[in-house]
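# Geometric and topological summary
What follows is the residue order along each chain.
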Amino acid sequence: MLKNILSGKSCAECRICCLFDNYDLWETPIVSDSLYEKIRHDFPNIEFMEKGKSHLFRCIPEKINGEELYVCPMLDHSTGCKLGDNKPFDCRIWPYRIMELNGRLVISIASICPELYNKPLSQLVEQLDKNGLGDIIFAEAELNPDIIKPYEEGYPILRVKQA
Ligand code: SF4
């Protein structure tokens, strides 16, 4: 979804968004019911936890560069995400995040993505207009409210949903 602004090569070399520490475990992707069924069929050993009507991967603790991290079980350290183009919506829009602030839906961006966070804010906002990305994110949040995270201080707000 972000191929025009985020190169596949950078993602392949980085993969920071597939590793979580204790503080950002809340960032693990939400897996919709239909994707859940597909993953259970294709990867029967993957474990999940429940969140609302959706599912979360049970991430695997691993020591990486001396740090205790939780690794998404769909990550293959050599080849990347095993889900290919069937990634959860959260992963397809990463590092954009949909959050709720004072009862309003906002789209923000995670600072942890080195590739996008270093781009001018104007370009990040412009991207939301391209191919209707902002509207797609708000529409998905309506269909699956489990993807909405509580607003985290410090996340730049790029768009607010109009009432
Ligand atoms: S589903 Fe794929 S892209 Fe998403 S966090 Fe897991 S490995 Fe990364």
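As a reminder, the structure under discussion sits directly above these lines.
Here the structure is a predicted model, which is why all the values come from computation and not from measurement.

What counts and what doesn't
The residue numbers shown here count from 1 along each chain, following its written sequence. Side-chain atom pairs in this predicted model are given and counted only at pLDDT of 80 or more, local residue features only at pLDDT of at least 70, and totals for whole chains, interfaces and linings cover all residues. Each helix is a run of DSSP H or I of at least 4 residues and each strand a run of E of at least 2, with the numbering of both proceeding from the N terminus. Criterion used throughout: strands pair if DSSP finds at least two bridges between them. Burial is judged by counting the other C-beta atoms within 10 Å of a residue's own C-beta: 20 or more makes it buried, 12 or fewer makes it exposed, and any count in between marks it as partly exposed, with every C-beta position built from the backbone.

## Examining the environment of F89
Within the secondary structure layout, F89 lies in helix α3 (residues 89-93). Each C-alpha atom of the pair F89 and I147 lies 8.4 Å from the other, and the pair is 58 residues apart in sequence.

## Observations concerning the sheet that holds strand β4 (residues 54-57)
Across the sheet, 3 strands lie side by side as β2-β4-β3; this open sheet has antiparallel pairing. The open sheet has two edge strands, β2 (30-31) and β3 (48-51), and neither has a second partner. Strand direction decides the pairing type here: β3 and β4, joined by 4 bridges, are antiparallel. The residue bridging F48 from the neighbouring strand is F57, located in β4.

## Re unusual backbone geometry
A cis geometry characterises the amide bond from W94 onward to P95, with omega recorded as 10°. Structurally, the position occupied by P95 is in the loop between α3 and β9 (96-101). Unusually for a residue other than glycine, R15 sits at a positive phi of about 60°. Within the fold, R15 resides in the loop between α1 (8-14) and β1 (19-20). The backbone of N65 sits at a positive phi, close to 50°, despite the residue not being glycine. By secondary structure assignment, the location of N65 is in the loop between β5 (60-64) and β6 (67-71).

## Quick notes on the environment of E50
Mapped onto the elements, E50 comes out in strand β3. The exposure class of E50 is exposed, given the 10 C-beta atoms found within 10 Å. As a C-alpha pair, E50 and I30 span 20 residues in sequence and 9.4 Å in three-dimensional space.

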